[in-house]
Amino acid sequence: MRLSKAFGKTLREAPSDADMISHQLLIRANFVRPLAAGIYTFMPFGYRVIRKIWKIMSEEMDAIGGQEMWMPNLHPASIWQATGRWHTVDVLMKVKASGNREYAISPTHEEVVTDLALREISSYRDLPQMVYHISKKFRDEPRARGGLLRLREFIMKDAYSLDTSEAALDEFYPKMVQAYFNIFNRCGVPVIAINADVGAMGGKTSQEFVVPHPQGEDTFIACTNCDYAANVEAAEFVREGEKPAELMPLQKVATPDCKTIADVAAYVGVPTSQTIKAVFYWWTPSGKSEKDGRLVFGLVRGDLEVNDVKFINALGGGSLRAATEAEIQAAGAVPGYASAIGLDVAPALDKPGVYVLADTSIEAGGNFVVGANETGYHYTGANYPRDFNVSQIADIAQADTGHKCPHCGHPIEARRAIEAGHCFKLGTRYSAATNATYLDENGEPQLIYMGSYGIGLDRLMAIIVELHHDEDGIIWPDSVAPYQVHLLHVGKGDRARETAESLYTSLQNAGFEVLYDDREASAGVKFKDADLIGIPWRVTVGERGVAEGKVEVKRRDQKDRVMVPLDELITYLHTAAST
RNA sequence: CGGGGCGUAGCUCAGCUUGGUAGAGCGCUCGGUUUGGGUCCGAGAGGUCGUCAGUUCAAAUCUGGCCGCCCCGACCA
């Protein structure tokens with residue numbers, strides 16, 4: 001490609017609203033252009049990178065038996081209604097067409113694969129299968145952000161496995177995980193695989209592939225000693241603290257103007273870990289409307305926080321919002337001074353009373369300070385189960401820096417990260433909803449076991465730039481660089497230009513992808529652009545070198561420059577590129 | 001959806017407090033100059049100041065609504 005003919009140009013300054021380095025550099029270097037929030041055009045350079053990533057993904061998927069295909073983006077509402085996700089996936093884009101037809105614009109493709117499985121898979125002889133495609137996805141994100149990090153329209157590689165049984169799925173799954181590591185490694189992106197919450201995808205278990213990054217939107221927990229790592233929504237930790245040998249009597253004390261845990265602990269003179277915090281949610285079961293929900297009273301030790309996702313999972317799904325003051329009072333509790341003492345505790349979710357969901361931490365410690373359900377008063381010496389009852393005890397507290405690892409007991413820490421990919425063991429979540437079955441060896445219908453595995457290509461491209469750049473610009477790893485060689489000529493005379501012209505042809509004939517800066521611009525401009533665009537090899541043709549029959553070769557990621565005889569250039573690049 | 005910031009030339013921004021003929025740098029066009037790290041000089045083109053309404057003799061500037069964009073939070077295969 002001749003730079004003089006390229007569509008678009010590099011920018012000296014990035015748009016002021018580009019916050020992340022990858023966003024700034026990809027715009028400045030002419031790889032992408034914004035159309036609207038979360039919607040970008042891939043310029044020719046950017047599209048070449050996407051194609052490189054695409055090829056790597058195809059190779060790794062094919063290597064484990066994947067078959068590449070291409071599924072539609074416009075989905076009839078019926079397939080989303082069949083799995084129940086028409087109303088539950090709130091980022092689902094919907095369009096109305098003439099007549100009364102409604103469509104979803106695909107945010108993901110479980111529904112289409114399930115529909116295909118229903119039609120194409122009839123016997124155990126048809127299984128296992130793994131299909132994948134790379135295509136656009138559309139999500140009505142409430143907030144696009146971080147340039148290419150969270151988009152409303154994006155490119156995803158999504159793969160789907162179909163198996164006869166859970167055991168078969170368990171056997172296949174590690175191959176996919178390994179393929180994911182291969183993809184990320186080949187793209188120059190070291191990832192950490194962590195256990196995660198399955199979220200709206202449903203299913204059993206999932207693993208997230210994350211890249212630690214201060215501007216990431218994910219928080220995950222990593223042990224400082226062993227290899228334990230998990231998304232904060234799934235991370236476990238040790239609840240430190242022992243039940244006291246001697247239980248104090250329950251005693252009501254005045255605690256004027258103590259509405260927060262910190263106030264109460266300071267006033268009474270105990271650590272926050274010797275208090276119990278009360279939180280109130282209005283919980284709506286999945287598939288129900290809000291009026292069919294109920295109040296859920298959460299209890300967690302005062303030094304900990306409730307994690308909403310863990311809370312929902314403990315209740316078996318659904319959604320949460322903060323309860324109103326009126327709803328709290330209707331349950332007989334007093335906001336700011338609430339506890340489970342004296343409440344009519346419901347024994348189960350379908351029974352009347354106040355449903356109290358407590359974290360396991362209420363058993364780690366004792367002689368707690370808790371609310372007295374009376375303004376201005378708390379109890380001291382509260383102990384479970386002597387003084388109050390709960391409906392359910394579960395892991396609902398958020399792990400954080402300083403807590404102890406559930407595996408080895410060493411300290412864990414919370415870190416921010418960008419999610420680069422996700423693997424889900426869906427199990428029969430979708431096949432059961434649509435009755436996608438096959439006939440086994442005995443002629444009995446059995447549900448198909450599914451898995452789904454996604455990586456965002458545009459997000460990956462942004463991550464690559466986040467990890468591979470310096471103050472001058474992008475430093476593309478060879479595997480995904482838009483071109484391999486950035487050829488340019490400097491100097492006044494014709495010889496450098498003529499030599500560069502002939503090199504442009506011979507390098508391409510030798511199989512190299514060449515970006516040729518043939519502009520009549522000053523050396524400084526050309527070097528700055530070369531650094532900004534970030535192609536691995538730079539070949540500079542200058543008058544002085546040409547006089548000696550040599551050109552200068554420099555790697556974008558290294559300082560040193562080498563003068564290489566013209567007739568050895570192709571051999572030199574071939575040799576260097578293969579080592 | 002809550003909090004904060006912003007919207008003036010293709011890009012970065014000044015002008016707004018105190019209303020009175022719309023500016024600079026970069027980029028672009030033309031001429032010259034320079035030629036190994038965003039040369040320098042000169043001449044140009046380019047803007048209904050996001051939008052709608054209000055106040056006023058007069059609005060980029062003051063007031064209100066709407067739209068758009070960015071960040072934090074909520075949310076998030």
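Residues numbered from 1 in each chain as written. Chains lettered and ligands numbered in written order. Predicted model: local features only at pLDDT ≥ 70, side-chain atom pairs only at ≥ 80, totals over all residues. Heavy atoms only, no water.

Summarise the overall build of chain A; cite the residues concerned and give the values.
From N to C terminus, chain A includes 15 helices and 31 strands. Across its three principal axes, chain A shows a C-alpha extent of roughly 95 × 65 × 50 Å. Within the span of chain A, comprising 579 residues, buried residues form 51% of the whole. When the accessible area of chain A is evaluated, it comes to approximately 26000 Å², of which 50% is carbon and sulfur surface. Here chain A holds 60 positive side-chain charges and 76 negative ones, and the gap between their average locations is 5 Å. (Helix = DSSP H or I, 4+ residues; strand = E, 2+ residues; numbered from the N terminus. Buried < 20%, exposed > 50% of the residue type's maximum accessible area, 1.4 Å probe, protein only. Areas by Shrake-Rupley, 256 points an atom, 1.4 Å probe, with all protein chains shown as cover. Lys, Arg positive; Asp, Glu negative; His and termini not counted. Charge placed at Lys NZ, Arg CZ, Asp CG, Glu CD.)

Requested: an account of the sheet that holds strand β15 (residues 294-301), with residues and values cited.
With respect to topology, 5 strands assemble into an open sheet ordered β16-β14-β15-β17-β20, the strand pairing being mixed. With partners counted over all chains shown, the strands left at the sheet margins are β16 (319-322) and β20 (392-394), one partner each. Neighbour-to-neighbour, the strand axes of this sheet turn through a mean angle of 35°, independent of strand direction. Note that strand β17 (residues 355-359) and β20 share 3 bridges and pair parallel. Bridging from a neighbouring strand, D359 pairs with A394 of β20. (Pairing = 2+ DSSP bridges. Axes fitted to C-alpha atoms, helices over the stretch in contact; angles between N-to-C directions.)

How would you explain the pairing of strand β31 (residues 561-565) if you had to name every residue and give the values?
Note that strand β30 (residues 550-555) and β31 share 5 bridges and pair antiparallel. Residue pairing across strands places V551 opposite V564, the latter belonging to β31. Linking β30 back to β31 in an antiparallel pair, the connection comprises 5 residues.

Tell me about the pattern of salt bridges, residues and numbers included.
Inspection of the entire model under this criterion finds 35 salt bridges. Here R321 makes a salt bridge to E327, at a shortest N to O gap of 2.9 Å. Using a relative accessible area of 26% as the deciding quantity, one classes R321 as partly exposed. Each member of the salt-bridge network shares a partner with another, and the members are K55, E59, E60 and R186. (Salt bridge = Lys/Arg side-chain N within 4 Å of Asp/Glu carboxyl O.)

Give me the lowdown on the nonpolar core, citing residues and values where you can.
Formed by 63 residues in total, the largest nonpolar core has its most connected members in F31, I53, M461 and W476. Broken down by element, this core gets its largest block of residues, 9 residues, from helix α6 (residues 166-186). Look past the residues within four positions of I53 in its chain and what remains in contact with it is C187, L457, L460, M461, I464 and V480. (Core = buried A, V, L, I, M, F, W, Y, C linked by side-chain atoms within 4.5 Å. Contact = heavy atoms within 4.5 Å.)

How would you explain the domain arrangement of chain A if you had to name every residue and give the values?
Taken domain by domain, chain A consists of domain 1 (14-235 + 415-465), domain 2 (251-394) and domain 3 (483-577). For domain 2 and domain 3, the distance between their C-alpha centres works out to 69 Å. (Domains from an automatic or database assignment.)

Explain the packing of helix α1 (residues 21-28) against helix α11 (residues 457-467) to me, and be specific about the residues and the numbers.
Relative to each other, α1 and α11 sit at 100°, their axes nearing to 8 Å. On the basis of the axis angle, α1 is roughly perpendicular to α11. Where α1 abuts α11, its residues I21, S22, L25 and L26 lie against M461, A462, V465 and E466. Counted by class, the contact of α1 with α11 contains 6 nonpolar, 1 polar and 1 charged residues. (Parallel < 35°, antiparallel > 145°, perpendicular 65-115°, else oblique. Nonpolar A, V, L, I, M, F, W, Y, C, P; charged D, E, K, R; others polar.)

Pulling in residues and values, what's your account of α6?
The terminal C-alpha atoms of α6, which comprises 21 residues, lie 30 Å apart, in line with the 30 Å expected from a rise of 1.5 Å per residue. Turning to α6, its buried residues number three or more, namely A168, L169, F172, Y173, M176, V177, A179, Y180, I183 and F184. (Expected span 1.5 Å × (residues − 1).)

Describe the environment of E498, with residues and values.
Mapped onto the elements, E498 comes out in helix α12 (residues 494-509). Judged by relative accessible area, E498 falls into the partly exposed class, the value being 45%.

Go over empty space enclosed by the protein, please, and point to the residues and values.
Tallying each qualifying case throughout the model produces 3 cavities of 30 Å³ or more. By volume, the largest cavity is sized at about 50 Å³. Lining of the largest cavity is provided by H486, A530, D531, I535, W537, R538, K554 and R556. In terms of residue class, the lining of the largest cavity is built from 3 nonpolar, 1 polar and 4 charged. (1 Å grid on protein atoms, 1.4 Å probe; cavity = no way out; pocket = protein on both sides within 12 Å on 5 of 7 lines; lining within 4 Å. Points joined across faces, edges and corners; volume = space filled by probe spheres on them.)

If you had to explain the pairing of strand β10 (residues 205-212) to someone new, which residues and values would you point to?
Among the 8 residues that make up β10, 6 are buried, leaving the element largely enclosed by the rest of the structure. The pairing of strand β9 (residues 192-195) with β10 spans 4 bridges and is classified as antiparallel. Following the sheet pairing, I192 is matched in β10 by V210. Pairing of β10 with strand β21 (residues 412-427), which is carried by 8 bridges, proceeds in the antiparallel orientation. Bridge pairing links T205 to K425 in β21.

Lay out the state of the cysteines in plain terms, naming residues and giving numbers.
Evaluation of the coordinates by the stated rule reveals 0 disulfides. C408 supplies the cysteine sulfur nearest to C223, a cysteine that is in no disulfide, at a spacing of 3.5 Å. (Disulfide = S-S within 2.5 Å.)

Residue-level account of the packing of helix α2 (residues 44-63) against α6, with values.
For the pair α2 and α6, the least separation of the axes is 9 Å and the interaxial angle reads 155°. When the axes of α2 and α6 are compared, the pair comes out roughly antiparallel. Our pair here, α2 against α6, has a crossing hand that is right-handed. Each of I56, M57, E59, E60 and M61 in α2 lies in contact with α6, whose residues at this interface are M176, A179, Y180, N182, I183 and R186. (Left-handed = near helix turned anticlockwise from the far one by under 90°.)

Provide a residue-level description of the packing of aromatic side chains, including the pertinent values.
Summed over the entire model, instances satisfying the criterion amount to 14 aromatic pairs. Where F184 meets F209, the ring centres are 5.9 Å apart and the plane angle is 35°; that geometry is what we call tilted. Of this pair, F184 sits in helix α6 while F209 sits in strand β10, and the two are 25 residues apart along the sequence. F209 matches F184 in its accessibility class, with the two residues each being buried. (Phe/Tyr/Trp six-rings, centres within 6.5 Å; stacked < 30°, edge-to-face > 60°.)

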